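Examination of the molecular architecture
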Amino acid sequence: QVQLVESGGGLVQAGGSRRLSCVASGSIFSINAVGWYRQAPGKQREYVAIIRKGGSTNYADSVKGRFTISRDNASKVSLQMNSLQPEDTAVYYCAVQTSTNRFDYWGQGTQVTVST
């Protein structure tokens, strides 16, 4: 049994901040990376940020400079979101990429709503 649980979502005013976390449990082997994705109503799921096993990170252009992904410990990855904008409103998902080079494990998501 492998489980990813996101938390930290909620309602925030534009310009505010939220910190999301992704906690993994169970046996996941050969983790290459952990990513954050988001999906807004009526839109496709989109990539947000990724942190690789070695610690390198990448961000979507839309969030670069505002969001920071980090690995807090062996089983937790966080996404610090600053200067939030209404366009950031979405369900945020964490996902684990294994040696298959696929994101094989996904959480259930946490809702982030940014109001004007």
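These lines cover the structure that appears in this document, whether it is placed above or below. Every value quoted in this text rests on a predicted model; they were computed, and no experiment measured them. (Residues numbered from 1 in each chain as written. Predicted model: local features only at pLDDT ≥ 70, side-chain atom pairs only at ≥ 80, totals over all residues. Heavy atoms only, no water.)

Another aspect to go through is the pairing of strand S8 (residues 76-81). Inspection of the sheet shows strand S3 (residues 18-25) paired to S8 by six bridges, in the antiparallel sense. By the bridge assignment, Val23 is partnered in S8 with Lys76. Of the strand pairs in this sheet, strand S7 (residues 67-73) and S8 are connected by six bridges, and their pairing is antiparallel. Its bridge partner lying in S8, Thr68 is registered against Gln80. Here S7 folds back onto S8 in antiparallel fashion, the turn holding two residues. (Pairing = 2+ DSSP bridges. Helix = DSSP H or I, 4+ residues; strand = E, 2+ residues; numbered from the N terminus.)

Moving on, we come to the packing of aromatic side chains. Tallied over the full model, the rule gives four aromatic pairs. With a centroid separation of 5.9 Å and 70° between ring planes, the pair formed by Tyr37 and Tyr47 is classed as edge-to-face. Note that Tyr37 is positioned in strand S4 (residues 31-39) and Tyr47 in strand S5 (residues 46-52), a separation of ten residues in sequence. In this structure Tyr37 comes out as buried when scored by relative accessible area, which is 14%. Judged by relative accessible area, Tyr47 falls into the partly exposed class, the value being 29%. Each residue in the set Tyr37, Tyr47, Phe103 and Trp106 is aromatic and connected to the rest through ring pairs, giving one cluster. In this structure, Arg45 packs its charged tip against the face of Trp106, placed 4.2 Å from the ring centre. (Phe/Tyr/Trp six-rings, centres within 6.5 Å; stacked < 30°, edge-to-face > 60°. Buried < 20%, exposed > 50% of the residue type's maximum accessible area, 1.4 Å probe, protein only. Lys NZ or Arg CZ within 6 Å of the ring centre and 35° of its normal.)

Moving on, we get to the nonpolar core. The biggest cluster of nonpolar side chains holds 26 residues, and the ones touching the most others in it are Trp36, Val48, Phe67, Ile69, Leu79, Met81 and Tyr92. Sorting the residues of this core by element identifies S3, S4, S5, S7, S8, strand S9 (90-98) and strand S11 (110-115) as the ones contributing at least two each. Ranked by the residues each element gives to this core, the list is headed by S9, at four residues. In this view, Ile69 contacts Val34, Trp36, Ala49, Ile50, Ile51, Thr57, Tyr59, Val77, Ser78 and Leu79; residues no more than four positions away in its chain are not counted. Core analysis: the second largest hydrophobic core is formed by five residues, Ala33, Ile50, Ala95 and Phe103 among them. (Core = buried A, V, L, I, M, F, W, Y, C linked by side-chain atoms within 4.5 Å. Contact = heavy atoms within 4.5 Å.)

What follows covers the environment of Lys53. The topology assignment puts Lys53 in the loop between S5 and strand S6 (57-59). Put simply, Lys53 and Arg71 are 18 residues apart on the chain and 9.2 Å apart in space, counted from C-alpha to C-alpha. The residues touching Lys53, leaving out its near neighbours within four places in the chain, are Ile31, Asn32, Ala33 and Arg71.

This paragraph deals with the sheet that holds strand S1 (residues 3-7). Across the sheet, four strands lie side by side as S1-S3-S8-S7; this open sheet has antiparallel pairing. The open sheet terminates on both sides in strands that have one partner only, identified here as S1 and S7. Taking each pair of neighbouring strands and ignoring which way they run, the sheet shows an average axis angle of 20°. Bridge count between S1 and S3: five bridges; the pairing is antiparallel. Residue pairing for S3: Glu6 is matched across the bridge by Cys22. (Axes fitted to C-alpha atoms, helices over the stretch in contact; angles between N-to-C directions.)

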